Amino acid sequence: MEALKSSFLGTSLLLPPPLKNPSTKPSKHSDRPTTIVFSITPDRWSLSDGNNSNRLAKPKPKSKNPKNPLSDDNARRIIKGKARYLSTLRRNQGSGAQTPKWIKRTPEQMVQYLEDDKNGHLYGRHVVAAIRIVRSLSAKAEGSYDMRQVMSSFVTKLTFREMCVVLKEQRGWRQVRDFFAWMKLQLSYRPSVIVYTIVLRVYGQVGKIQLAEQMFLEMLEVGCEPDEVACGTMLCSYARWGRHKAMLSFYSAVQDRGIVLSISVYNFMLSSLQKKSFHGKVVMLWRQMVDKRVVPNHFSFTVVITSLVKEGLSEEAFKTFDEMKSFGFVPEEVTYSLLISLSSKNSRLDEALRLYEEMRCRGITPSNYTCASLLTLYYKCGDYPKAIGLFQEMERNKIKADEVIYGLLIRIYGKLGLYEDAQKTFEEIEKLNMLSEDKTYLAMAQVHLNSGNFEKALITMEIMRSRDILFSRFAYIVMLQCYVMKKDLESAEITFHTLYKTGIPDSGSCNDMLNLFLQLDLIGKAKDFIGRIKNDFVEFDEELCKTVMKVYCKEGMVRDAEQLIEEMDANGSLKDSNFIQTLLMVRKFEKGGGNFYAFKQPDAMALGMMISLYLYNGNDIKRDGILKSLVNSNGGGVILVSQLISKFAREGDISKAESLHDALIKLGFEPGDRASASLISLCGRKQKLEQAQRVFAALENFPTTGKLVYNSMIDAYVKCNKPEKAYSLYIEVTQKGQELGAVAVSLVVNSLSKNGEHQEAENTIRKSFLEGLELDTVAYNTFIKAMLEAGKLKFATTIFEHMLSSGVTPSIQTYNTMIRTDNSGCSVYGRDRNLDKAVEVFDMASNLGVPLDEKAYANLISYYGKAGKSHQASILFTTMQERGIKPGKVTYNIMINVYAAVGLHQEAEKLYQCMQKDSLAPDSLTFLALIKAYTAGLKYTSAEETLILMQKIGIPPSCAHFNLILTAYSKEGLTEDAERIYKELSRSGLCPDLACNRTMLRAYFDYGHVAKGISFFERLKESMERDRFAMSAAVLFYRSVGIDSLAEEILNSMNSFGVPFLKNIEIGSKVKANA
């Protein structure tokens, strides 16, 4: 602990003297000199080391005055039971008891906070991205990542305030520790008590007291003077984890420095001390708090009254109780219960009854413990009739878990995202027949809304209506939210009209309706609606103002916007809104009486709206004037304008984004790389190459143009199908020594490969290797795929090996590319037919722990099947299922094909049955593989039955299905059966294709059916005119019957078509072979 000494830690800090009971008589030895006991030596204030090892090693000293044994054996049980009950009540007193004031949010604020965060409106998308990236590190083991590498893309992009936001939004203390360490390395970082307070809060929440102490010491060492928030956070941490000795020492130091703590911090300390039954210290801290003139709140009084009662200070407890009521606070049931119990113990019947009646008059329902105290008092006094009456009252009141408690539980589940548990609780209330309050239904409906399930919310509301529960105003508000989420305009308008009858609509409901009009692109209705609510004097809040301004901006309604701004200024209710104040400043600037010097951070949305209005009306003078004042008077003006350009680009508005971009350049300022890149990317996506080139050319005069801009221009060329220009720009920039990174080279190689310029793609890849460019997994995958398409399999293999030697982890896509065997042959080892290499890559992925998916297994199974290794394919199929990967329809089809290729029809049929058990509907390919298996296994009847089954379940057979059976019959010489199948093919509505016709003709040819063959050929002569086998067979047919003229005619036709004659075929060859 020697390292913790600092100017903050005074050596003369003494703990307050021990609490003395005012009613206790002075000791006869009071004249003796008083001995002051220090909490630690030599320093009066020390910080806990966060370990309990000393406490465990040191034996507990024996008390000099041991407690007298209790006379009643059950007394201890009763006392402990009562203590547990009071502890439970304290925990149920709400957020005020656990959450310091400076981080509290109302439920409505929290919903909006989460909605803004989800849409990236709260901090900006780059901040939200940073938050998510750092949060995702919680899934990784400690030491397995480098925060500097993780956050490399955010260097210079996050302001100090944004870094604080990222830090504040972290959930894990390790991520907070590592991010804060990275944060301190950034240029925009400056030591601040705020950022240290954030870190202290996170450490305190997870009980890392020692780390919190070290961080507090570091804050002192860098010269940051701790304020009441930082000190309060530290005290709350000690209190939360029961470090009371350190807490009181720290509190003493804080008091000596004259820091006045908030009531929330005192509440934390009071509650923590009381939980450990340190009631004397609670009272001591309370008296010091009163001396400091800290105004107590409801929770403070409740805790202190409990401790006063526990200490036996009954007079002071009642005095504090009266003081609590004088402050306007309504005592809770637990407070009344304690005082009634105290009066009962002192046999003060009148006092106890007065408290009970007062509690009942205030509408406070007594608990079973309160009723038990009164019943005990009535019993002692012998007033049995009143005891019976009270018991009957308890039965009438059903003092148990009531609907209110269940309703609160539903809301808590909803806030925690436990929607199923909330639904189960609601159903349990319904089974107990306790559903009577509309608040319970509305609580359940709001939970459904929060989960995005508006249908269930509406069902809950309809159940409420069917049970004749009167709809309150709030019920209509919730129902309106349901219809808005559903985008049901008619029902939403009816509900809003009903809500209107109950009084002036609230701003939230008006905002919901207005947003619905905007979502449905009903601008006319939106404008009319704005007019109605303004005439009805609806009080606008900030969100409603923003939505109204969106309508005005969309329609270019400058005068209406200016009128709204003036009304908000005259109203004064939103004087603390940065959005409104920014609008007012822009308005004053137009009149020549305002500037942006007073704004440290003008609201980007407000500026964007005003600039949009001027852009809409073509008022470039006002726009340029605002921009000039903004960039000259505010240090972050250029950044703010760049953010507006990015915002317009995200919204897809090229004209506004480009106009603002050009205006900023004319003022001599370079837009941020992200803004320029977003605009160029937008032009590329919309195939506006000339505009992209114009934006890019305007940046040539700025030497600091970064790779983000070059990459976006290369991407624009690629999207506009100009790979040669993308390649040219890449070569030009890299020759100047500018490294564009893996993204640019991936874009260039991919575009060159698609355009067929494989040599240039290969040159680019080799150049990136020679220059030692740091490549990522995506780049390597692009390189491998490009070389596959170029047919350069060895180089593709070399790229894969280079990837492994560079330490870049292959993805599942990489492994699939290396082993995939699809129809296109797009795989390294698939084209090379190197099964051993494919298996080696597969095993490598498994050994490295890569989570191989179904596709990877299906690829290798198919590879085994093509190699004729059905046994290995079957083992791999089983292994896949054992590892929890459920095969899909494609995988089943592949495996059935593997069995079909080797004639294992029984195994194929079993797989088909398993497929049905897994609720996978077979398709045409499934039946094709099944027919193939039956025909290979000489099960012709089963093959025909499969055709019939296909037609029954609505899958029409194709010519390929019929041709499998035709081929099987033809090979066996079953010509009549082949003819029958051929006729069924024609009757099914299909036109026989060339393959079926060739199969039928070969059956006649191989088995010597000359007449049938000639007849068949003449009937289908036109469709088989250029088929080599058909024409060669026809020539032999005609020659065998002596019609040489027709044979010569067909030969001449074959020569004219360039079709060579087959010389190695003979009519009836199969008959002769069998003979």
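For clarity, every value in this text was computed on a predicted model and none was experimentally measured.

Undergrad: Provide a residue-level description of the overall build of the chain, including the pertinent values.
TA: A count of helical and extended segments in the chain gives 58 helices and zero strands. Within the chain, buried positions represent 47% of all 1075 residues. Across the chain, the fraction of contacts at a sequence separation of at least 24, relative to all contacts at a separation of at least 6, is 64%. Total accessible area on the chain is roughly 55600 Å²; 51% of this is exposed by carbon and sulfur atoms.

Undergrad: Can you lay out the pattern of salt bridges for me, pointing to particular residues and giving the numbers?
TA: By the definition in use, this model includes 21 salt bridges. Between Arg-177 and Asp-178 there is a salt bridge; the shortest N-O distance is 3.1 Å. On the basis of relative accessible area, Arg-177 is assigned to the partly exposed category, the value being 26%. Here Arg-465 makes a salt bridge to Glu-462, at a shortest N to O gap of 3.9 Å. With Arg-465 and Glu-462 both in helix α23 (residues 454-466) and three residues apart, the pair spans about one turn of that helix. Given a relative accessible area of 39%, Arg-465 falls into the partly exposed group.

Undergrad: Explain helix α11 (residues 244-256) to me, using residue names and the numbers behind them.
TA: Taking 1.5 Å as the rise per residue, α11 with 13 residues should run 18 Å; its terminal C-alpha atoms sit 18 Å apart, in good agreement. For α11, the tally of buried residues reaches 11 of 13 residues, placing the bulk of the element in the interior. Turning to α11, its buried residues number three or more, namely His-244, Ala-246, Met-247, Leu-248, Ser-249, Phe-250, Tyr-251, Ser-252, Ala-253, Val-254 and Gln-255. Packed against the buried residues of α11 are α9 (209-221), α10 (228-240), α12 (263-275) and α13 (279-291).

Undergrad: Explain the environment of Ile-639 residue by residue, including any values.
TA: Its location among the elements puts Ile-639 in helix α33 (residues 637-650). When the C-alpha positions of Ile-639 and Glu-670 are compared, they lie 9.8 Å apart, and in sequence the two are 31 residues distant.

Undergrad: Report on the nonpolar core, specifying residues and quantitative values.
TA: Of all hydrophobic cores here, the largest spans 130 residues; its most connected members are Leu-514, Met-549, Met-713, Leu-775 and Ile-799. Here the element with the most residues in this core is helix α24 (residues 473-486); it accounts for nine residues. Ignoring any residue separated from it by four or fewer positions in sequence, one finds Ile-799 in contact with Ile-765, Phe-769, Tyr-780, Phe-783, Ile-784 and Met-787. If you look at the next biggest cluster of nonpolar residues, it comprises 89 residues, including Ala-130, Val-166, Met-247 and Ile-263.

Undergrad: Give me the packing of helix α6 (residues 160-168) against helix α7 (residues 173-183): which residues, what numbers.
TA: Two elements in contact, α6 and α7, have axes whose closest approach is 10 Å; the angle formed by their N-to-C orientations is 170°. By the angle class used here, α6 and α7 are roughly antiparallel. Residues Phe-160, Met-163, Cys-164, Val-166 and Leu-167 of α6 pack against Val-176, Phe-179, Phe-180, Trp-182 and Met-183 of α7. Of the residues that constitute the contact of α6 with α7, the class distribution is 10 nonpolar, no polar and no charged.

Undergrad: Quick rundown of the packing of aromatic side chains? Include the residues and the values.
TA: Using the criterion set out here, one finds 23 aromatic pairs in the structure. Here Phe-160 and Tyr-189 contribute two aromatic rings whose centre-to-centre distance is 6.0 Å and whose plane-to-plane angle is 55°, an arrangement assigned as tilted. Placement of the pair is Phe-160 in helix α6 and Tyr-189 in the loop between α7 and α8 (193-206), with a sequence separation of 29 residues. Overall, the relative accessible area of 8% leaves Phe-160 in the buried class. Relative to Phe-529, the ring of Phe-517 lies with its centre 5.7 Å away and its plane at 65°, an arrangement referred to as edge-to-face. Remark: Phe-529 occurs in helix α27 (residues 523-535) and Phe-517 occurs in helix α26 (residues 507-519); sequence separation between them is 12 residues. Here Phe-517 matches Phe-529 in class, with each residue buried. Through a chain of ring-to-ring contacts, the aromatic side chains of Phe-160, Phe-180, Tyr-189 and Tyr-196 assemble into a single cluster.

Undergrad: An account of the environment of Arg-694 is needed here, citing residue identities and associated values.
TA: Checked against the element boundaries, Arg-694 lands in helix α36 (residues 689-698). Relative accessible area serves as the criterion here: at 45%, Arg-694 is assigned to the partly exposed category. Through-space distance from the C-alpha of Arg-694 to that of Asp-662 is 9.9 Å; in sequence the pair is 32 residues apart.

Undergrad: So what's going on with the confidence of the model for the chain? Which residues, and what values?
TA: Averaged over every residue, the pLDDT of the chain is 76; the share at 70 or more is 77%. Here residues 94-102 is a poorly scored stretch, pLDDT under 50, and it has 18 contacts once near neighbours within four places are set aside; other chains count. Segment residues 821-833: pLDDT under 50, and 42 contacts once partners within four positions in sequence are set aside and those in other chains are kept.

Undergrad: Residue-level account of helix α55 (residues 1010-1019), with values.
TA: For α55, every residue scored as buried is listed here: Val-1010, Gly-1013, Ile-1014, Phe-1016 and Phe-1017. For α55, the angular spread of buried residues about the axis comes to 165°, placing them on one side. Residues of α55 that are exposed and point over 90 degrees away from its buried face: Ala-1011 and Arg-1019.

Undergrad: So what's going on with unusual backbone geometry? Which residues, and what values?
TA: With the exception of glycine, the majority of residues adopt a negative phi angle, and the majority of peptide bonds are in the trans configuration. Within the chain, Arg-293 stands out as a residue other than glycine whose phi angle is a positive 60°. Position of Arg-293 among the secondary structure elements: in the loop between α13 and α14 (298-310). For Phe-537, which is not glycine, the phi dihedral falls at a positive 55°. Looking at the element boundaries, Phe-537 is found in the loop between α27 and α28 (542-555). You can call Phe-537 exposed: its relative accessible area is 72%.

Undergrad: So what's going on with the packing of helix α38 (residues 723-735) against helix α39 (residues 741-754)? Which residues, and what values?
TA: Close contact between α38 and α39 brings their axes to 9 Å; oriented N to C, the two are set at 145°. Taken as a pair, α38 and α39 cross one another with a handedness that is left-handed. In contact with Pro-723, Ala-726, Tyr-727 and Tyr-730 of α38, α39 contributes Ala-744, Val-745, Val-748, Ser-751 and Leu-752. Looking at the contact of α38 with α39 residue by residue, the class counts come to eight nonpolar, one polar and no charged.

Undergrad: Go over the state of the cysteines with me, naming the residues and quoting the values.
TA: Throughout the structure, instances matching the rule amount to zero disulfides. Note on Cys-720: no disulfide assigned, nearest cysteine sulfur contributed by Cys-683 at a separation of 8.8 Å. By relative accessible area, which is 12% here, Cys-720 ends up buried.

Undergrad: Please give an account of the environment of Tyr-899 that cites residues and values.
TA: Take Tyr-899: it is sitting in helix α48 (residues 889-901). For Tyr-899, a relative accessible area of 10% puts it in the buried group. Spatially, the C-alpha atom of Tyr-899 lies 9.2 Å from that of His-871, the residues being 28 residues apart in sequence. With sequence-adjacent residues up to four places away left out, Tyr-899 is seen in contact with Ser-874, Leu-904, Glu-907, Ala-908 and Leu-911.

Quick notes on the rules
- Starting from 1, residues in each chain are numbered consecutively following that chain's sequence as written.
- For this predicted model, a pLDDT threshold of at least 70 governs which residues receive local features, and a threshold of 80 or more governs which side-chain atom pairs are given and counted, while totals over whole chains, interfaces and linings are taken from all residues.
- Processing note: side-chain calculations cover all non-hydrogen atoms of the structure and skip hydrogens and water entirely.
- For helices the rule is a DSSP run of H or I covering at least 4 residues; for strands it is a run of E covering at least 2, with both sets numbered from the N terminus onward.
- Throughout, exposure labels follow a simple rule: accessible area from a 1.4 Å probe, protein chains only, divided by the maximum for the residue type, with under 20% read as buried, over 50% as exposed, and the rest as partly exposed.
- Contacts were defined at the residue level, with two residues in contact if any of their heavy atoms lie within 4.5 Å.
- We get accessible surface area from the Shrake-Rupley algorithm with a probe of 1.4 Å; when it comes to residues, only the shown protein chains can shield them.
- Criterion for a salt bridge: a side-chain nitrogen of Lys or Arg within 4 Å of a carboxyl oxygen of Asp or Glu.
- Here the expected length of a helix is defined as 1.5 Å per residue gap, with one fewer gap than residues.
- Definition used in this section: a nonpolar core is a set of buried Ala, Val, Leu, Ile, Met, Phe, Trp, Tyr and Cys residues joined via side-chain atoms within 4.5 Å.
- Axis definition: a line fit to C-alpha positions, over the contact stretch in the case of helices; interaxial angles, taken between N-to-C directions, run 0 to 180 degrees.
- Each angle gets one of four labels, with under 35 degrees taken as roughly parallel, over 145 as roughly antiparallel, 65 to 115 as roughly perpendicular, and the rest as oblique.
- Side-chain classes are defined by residue name, with Ala, Val, Leu, Ile, Met, Phe, Trp, Tyr, Cys and Pro counting as nonpolar, Asp, Glu, Lys and Arg as charged, and the others, Gly among them, as polar.
- Classification of ring pairs uses Phe, Tyr and Trp, with its six-membered ring standing for Trp, and accepts pairs whose centres are within 6.5 Å; under 30 degrees between planes counts as stacked, over 60 as edge-to-face, and the remaining range as tilted.
- The quantity called pLDDT is the predictor's confidence in a given residue, expressed from 0 to 100.
- The reported arc concerns the directions from the helix axis to the C-beta atoms and nothing else.
- Working rule for handedness: look at the near helix, and if it is turned counterclockwise from the far one by less than a right angle, call the crossing left-handed; if clockwise, right-handed.
- Two cysteine sulfur atoms make up a disulfide if the distance between them is within 2.5 Å.

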